[in-house]
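Here are the chains, one letter per residue:
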Amino acid sequence: MSTPNGPLIEIQDVEKIYRRGAEEIHVLSGLNLTVARGEFLALMGPSGSGKSTLLNLLGGLDRPDRGTVTVEGKRIDQLSDRQLAAWRARHVGLVFQFYNLLPAMTAERNVELPLLLTDLSRRERRQHVATALAIVGLAHRTRHYPGQLSGGEQQRVGIARAIVTDPTLLLCDEPTGDLDRKSGDEILGLLQALNREQGKTILMVTHDPHASARASRTVHLDKGQLSADPPA
Amino acid sequence: MATGFFNWISQSAAVTLYNLRTIPERRGAALAAAVGIAGVVVVLVGVLSIAEGFHRAMTVAGSPAVALVLRSGSDSEMTSGLTHDQTRLIADAPGVARNDGGALASAELFVIINLPKRSTGTDANVPLRGVSPTAFDVRGNVTLLAGRRFAPGRNEVVVGAGAARQFAGLEVGRTIRVGQNDWAVVGIFAADGGVAESEIWTDAAVLQPAYHRQDTYQAVYVRLTAPDAFPAFSAALTTNPQLSVKVVRQSDYYAEQSTTLTAFIRTIGVAVAGLMALGALFGALNTMYSAVAARTREIATLRALGFGAGPVVCSVLLESLALALIGGAAGAALAYGAFDGFQTSTINWQTFSQVAFAFKVSLPLLVQAIGWAAAIGLAGGIFPALHAARIPIAAALRET
Ligand SMILES: Nc1ncnc2c1ncn2[C@@H]1O[C@H](COP(=O)(O)OP(=O)(O)OP(=O)(O)O)[C@@H](O)[C@H]1O
Ligand SMILES: [Mg+2]
C-alpha cells in the first residue's frame, strides 16, 4: 500500500471551485505538486490565492472537485468523511495560525486530545504527551491553560499536539503569522529541528520570506497554479 | 469493531467532559434552561402529588379481604338501603370471618353532618357513620390515637385523625352538637391514612333513632376469611332470592370513587406541565444552539484532529441532558420539600363530604418527572447536536 520510495504526496490535476450563489470561484485549476518524504516545503502566495485550500485538501479536511490527492500511496480524495476523520487522526498533524487550542483544557490535555483517538492506555498517553511537550520545550508548563500562555507558547502546545501521534506529515497554516519575530523564529527553529532530527515532512504556508528561507524548498501559488520561483 | 466502539465512547466522553467544563462560561443561559426545566418538574410533581395523595387516601386502607354489600342498583352508600333482616342474612353468608363475638360483619349507616373547618371557619360536610361494635375488627386497620372507643348505646363518637385535623372542636373531651343531640368525643383513630380517617364513627344503634332511621342500614362491611373467599361470598348473596344486593371489595369501591377526581387532577397537571415543558423545550433549544455557536471553532478543531461526527452529536446531547437532569433534580427536590405530606382536604363527590388527605410525592412520580426532564433535554439538544455535526470543518476553522 505505502510506497516508501515513491513521493509522500502527489497532487495531480487538482481543481477546486467554491460556489457562492451563481458566482464560481476557481481557486485551484489543474494544480500539480509532488512532495518527497523528509522535505520542508514552504508554500507562498498572495492572500486569497488558495494556500489554505490546498492545505485542507492535503489534510483531508476538504475534497477536490477534480483530480487526485495521494498521500503515502493512498487516494485520500476518495475516502468517506468517516474514513477521512480516521485517516487524519493517524497520518497528519495540523498546526494553525491561531493555535486552535481548547481554552478550557490545560496544555497537557490539549496535547492529549489526538491520542484519545488511539488505543493507547492512559499511561502511554501520558508518556507521549510528556515527550511531545518536552520536544517543544514546555515540560514545565503542562498544567497551564492556553489563556495563561504567550502566543509563542500556545503555538508550541499546538505543535506538540500535532506531533504527539507521531504523524509523517505536518501541515502548518501560517504558524508564525500571529507571532512577533522572536517567537516566530523559535517556532521556525522548532519546525526545522522536527524536519531534520525526526524526519517529519512539513508543508508550511507563509507570507514571510524570512520564514520560507528556513524551508528546504519554496513553491508559489498564484492564479490556481504553482510555480517554483516567485513570479517576476 | 470492539475497539472502534470503545474508541467512539471515549471520544464522546472526552468531548462531553470538555463541553461540561465550559458551562461556567455560559452559566446564564445554562441556568435559565435548567430553571425552566425545574419549573416544569415542580408543577408536574406538585399537581400529580395531589392526585396521588387523594388516590392513596381513597385506596390505601381498602383491604381486599373486606367486602362491602349495598342495595343492588346503588353506586354508593349514600343511595343504598338495607333492612335489619337483610343485614342478618349477609352476616350469615359463607366466607365471612368469625371471632368470639360472632360474624365479622358490621351493619352501618351513614349521615352527613356540618362542622366548621379549622382553616376557614365555614361549615363543611363530614360523614357521621353508625357502625356495629365489630366494625373495628372488620376494618382491621383502625387504631386509637387518643381516648377510647365509643361505648355501645351512648351518644359518644370517635373521630378519624383526618377529620380531627380539618375540623374544629373534635378534640377528645369536647362535645359536638348535631341536630337535637350532643355527642361526646371520646377518641381519635387512625386507619392507615385511609378515607375512614375523614369520618366520625358512633354506635349504629344510637345513630338510627337520632336520625329517625328505624332499624335500617345502608351497607354491611364484612371481613372475609381470605381475599379469595370473595367470589363465593359474592355469588352466595347475589343468587339469594331473599336479597337484592351488590357486593364489592372495599379496595375496588374506594378506587372507583377516586378515579374521576384523580383522573381530572392528573389531566390538569399533565396539561399545565405540558405547556410549561414546551416553553422549557425552547429554552433548552436556545441554550444548546448558542452553546454550539460559541464553540463552532472548537468543534471544527476537534473534527480536524479526527474526532467523528457521532461523538460531537453525542456530546451536545449529553450536555443538554446533563443540564436537564440538574434542573429536573433540583425541581424534584424542591417539589418534594414543598409538597410531600402537605395536609389538605377536598370534597369527595360520591359522598359530598370532605376527604382529608396528604399530597404524596411518590418515587414513581419523581421518576416520571425526571423522565420528563430528560425528554425535554434530549429534544432540546437533538437539533443543535445535528447542527454541530454538520459544521463544515474547513470553513469553521477559518473563524477566529
Ligand atoms: N468555504 C468557502 N466558500 C467560499 N469561498 C471560499 C471558501 N473558502 C475559501 N474561499 C475562497 O477561496 C479563495 C482562497 O481561499 P484560501 O483561504 O485558500 O486563501 P489563502 O491563500 O489561504 O489566503 P490567506 O493568505 O488570506 O490565508 C478566497 O477567495 C476565499 O474567499
Ligand atoms: Mg489561508
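Chemist: So what about the domain arrangement of chain B? Which residues, and what values?
Modeler: All names here are of chain B. When the domains of chain B are assigned, the result is domain 1 (2-59 + 257-398) and domain 2 (73-243). One C-alpha centre belongs to domain 1, the other to domain 2, and the line joining them spans 47 Å. Opposite the 13 residues of domain 1 that make contact, domain 2 presents 17 residues. Of the roughly 1,100 Å² buried between domain 1 and domain 2 on both sides combined, carbon and sulfur atoms contribute 54%. Summed over the shared surface of domain 1 and domain 2, the result is zero salt bridges.

Chemist: With reference to specific residues and values, describe the pattern of salt bridges.
Modeler: All chains considered together, the criterion is met by 30 salt bridges over all chains. A salt bridge links A:Glu15 to A:Arg66; the shortest N-O distance between them is 2.8 Å. Pair noted here: A:Glu15 is in strand β1 (residues 9-20) and A:Arg66 is in strand β4 (residues 66-71), with a separation of 51 residues, a long-range link. Given a relative accessible area of 16%, A:Glu15 falls into the buried group. Here A:Arg141 ties to A:Glu153 by a salt bridge, and the two come within 3.0 Å at their closest N and O atoms. Taken together, the positions of A:Arg141 in the loop between α4 (122-135) and α5 (151-163) and A:Glu153 in helix α5 put the pair twelve residues apart, joining distant regions of the chain. The structure contains a network of salt bridges with shared partners spanning B:Glu77, B:Glu108, B:Arg129, B:Arg139 and B:Glu199.

Chemist: An account of the environment of A:Gln192 is requested, with residue identities and associated values reported.
Modeler: Residue and element names in this part refer to chain A. Within the secondary structure, Gln192 is located in helix α6 (residues 181-198). Taking the C-alpha atoms as reference, Gln192 lies 24 Å from Leu113; in sequence the two are 79 residues apart. In contact with Gln192, other than residues within four places in its own chain, are Phe40 and Arg214.

Chemist: So what's going on with the layout of surface pockets? Which residues, and what values?
Modeler: One number sums up the size of the largest pocket: a volume of about 790 Å³. If you trace the largest pocket, you find 33 residues lining it, with A:Ser52, A:Thr53, A:Asn56, A:Asp173 and B:Arg398 closest to the centre. Where the lining of the largest pocket is concerned, the elements lending two or more residues are β1, β2 (23-35), α1 (51-58), β6 (92-95) and β7 (169-173) of chain A together with α12 (393-398) of chain B. For the lining of the largest pocket, the element with the highest residue contribution is α1(A), accounting for five residues. By volume, the second largest pocket amounts to about 580 Å³. Around the second largest pocket, the lining comprises 19 residues; the ones closest to its centre are A:Arg82, A:Ala86, B:Asn7, B:Gln11 and B:Gly306.

Chemist: Describe in detail the interface of chain B and chain A, supporting the description with residues and values.
Modeler: Contact with chain B, which involves 22 residues of that partner, is made by 21 residues of chain A. In total, about 2,000 Å² of surface goes out of reach between chain B and chain A, with carbon and sulfur atoms giving 63% of it. Put simply, chain B and chain A have zero salt bridges between them. Run the count over chain B and chain A and you get four residue pairs in polar contact (both at pLDDT 80 or more). Looking at the side of chain B that touches chain A, the elements that each hand over two or more residues are α1 (2-21), α9 (296-305) and α12 of chain B. Looking at side-chain class alone, the side of chain B that touches chain A contains nine nonpolar, eight polar and five charged residues.

Chemist: Quick one: what's the story with the pairing of strand β9 (residues 175-178) of chain B, residue by residue and with numbers?
Modeler: Residues and elements named next belong to chain B. Side chains of β9 alternate between two faces, with Ile176 and Val178 buried and Thr175 and Arg177 left unburied. Pairing of β9 with strand β10 (residues 181-190), which is carried by four bridges, proceeds in the antiparallel orientation. From the neighbouring strand, Arg177 faces β10, where its bridge partner is Asp182. Linking β9 to β10, which pair antiparallel, is a turn of two residues; within it Gly179 sits at a positive phi near 65°.

Chemist: Which residues make up the sheet that holds β6(A), and what values do they have?
Modeler: Residues and elements named next belong to chain A. Pairing is mixed in the open sheet, where six strands are placed in the order β6-β7-β8-β3-β9-β10. Of all strands in the sheet, those bounded by a partner on one side alone are β6 and β10 (225-227). Across this sheet, the average inter-strand angle for adjacent strands is 20°, counted without regard to direction. Taken strand by strand, α1 contacts β3 (40-44), β7, β8 (201-205) and β9 (217-222), and its axis lies near 155° from that of β7.

Chemist: I'd like to hear about the site of ligand 1, residue by residue, with values.
Modeler: Around ligand 1 there are 14 residues in total, and A:Ser47, A:Lys51, A:Ser52, A:Thr53 and B:Arg398 lie nearest to it. Residue A:Arg20 places a side-chain N or O atom 3.1 Å away from a nitrogen atom belonging to ligand 1. Within the side chain of A:Ser52, a nitrogen or oxygen atom sits 2.8 Å from an oxygen atom of ligand 1. Relative to its unbound accessible surface of 630 Å², ligand 1 loses 76% to contact with the protein. If you map ligand 1 onto the pockets, it falls in the largest pocket. Breaking the shell around ligand 1 down by element, the ones donating at least two residues are β1 and α1 of chain A. It is α1(A) that provides the largest number of residues to the shell around ligand 1, a total of three residues.

Chemist: Describe the nonpolar core, listing the residues and the values that go with them.
Modeler: Counting residues in hydrophobic clusters, the biggest one holds 52 residues, and the most contacted among them are A:Ile9, A:Ile11, A:Leu28, A:Leu31, A:Leu58, A:Leu171 and A:Leu203. Once you skip the residues sitting within four places of it in the chain, A:Leu28 turns out to touch A:Val14, A:Glu15, A:Lys16, A:Ser49, A:Gly50, A:Thr53, A:Leu54, A:Leu57, A:Leu221 and A:Gly224. In this structure, B:Leu82, B:Ala93, B:Leu170 and B:Ala229 belong to the second largest nonpolar core, which totals 44 residues.

Chemist: Give a detailed account of the environment of A:Lys51, specifying residues and quantitative values.
Modeler: Residues and elements named next belong to chain A. Here Lys51 lies in helix α1. Accessibility expressed as a relative area gives 5% for Lys51, which makes it buried. If we ignore the near neighbours within four places in the chain, the residues touching Lys51 are Leu43, Met44, Gly45, Pro46, Val205, His207 and Leu221.

Chemist: Go over empty space enclosed by the protein, please, and point to the residues and values.
Modeler: Inspection of every chain in the model, using the stated rule, returns four cavities of 30 Å³ or more. Approximately 80 Å³ is the volume found for the second largest cavity. Lining the second largest cavity we find A:Arg88, A:Ala89, A:Val92, A:Gly93, A:Leu94, A:Pro114, A:Arg161, A:Ala162, A:Thr165, B:Ala304 and B:Leu305. For the lining of the second largest cavity, the elements supplying multiple residues, two or more each, are α2 (81-91), β6 and α5 of chain A together with α9 of chain B. Residue contributions to the lining of the second largest cavity peak at three residues, all from β6(A).

Chemist: Give me the side chain of A:Lys51: which residues, what numbers.
Modeler: The buried charged residue A:Lys51 lacks any salt bridge partner; its closest oppositely charged side chain belongs to A:Glu174, at an N-O distance of 5.1 Å. A distance of 3.0 Å separates the side chain of A:Lys51 from the backbone oxygen of A:Gly45, its partner in a polar contact.

Rules used in this analysis
- Residues numbered from 1 in each chain as written.
- Chains lettered and ligands numbered in written order.
- Predicted model: local features only at pLDDT ≥ 70, side-chain atom pairs only at ≥ 80, totals over all residues.
- Heavy atoms only, no water.
- Domains from an automatic or database assignment.
- Contact = heavy atoms within 4.5 Å.
- Buried area = accessible area lost by both parts, 1.4 Å probe.
- Salt bridge = Lys/Arg side-chain N within 4 Å of Asp/Glu carboxyl O.
- Helix = DSSP H or I, 4+ residues; strand = E, 2+ residues; numbered from the N terminus.
- Buried < 20%, exposed > 50% of the residue type's maximum accessible area, 1.4 Å probe, protein only.
- 1 Å grid on protein atoms, 1.4 Å probe; cavity = no way out; pocket = protein on both sides within 12 Å on 5 of 7 lines; lining within 4 Å.
- Points joined across faces, edges and corners; volume = space filled by probe spheres on them.
- Polar contact = N/O pair within 3.5 Å; in protein donor to acceptor, adjacent residues only side chain to side chain.
- Nonpolar A, V, L, I, M, F, W, Y, C, P; charged D, E, K, R; others polar.
- Pairing = 2+ DSSP bridges.
- Axes fitted to C-alpha atoms, helices over the stretch in contact; angles between N-to-C directions.
- Near = heavy atom within 4 Å.
- Areas by Shrake-Rupley, 256 points an atom, 1.4 Å probe, with all protein chains shown as cover.
- Sits in = over half its atoms within 2 Å of the grid points.
- Core = buried A, V, L, I, M, F, W, Y, C linked by side-chain atoms within 4.5 Å.
- Lys, Arg positive; Asp, Glu negative; His and termini not counted.

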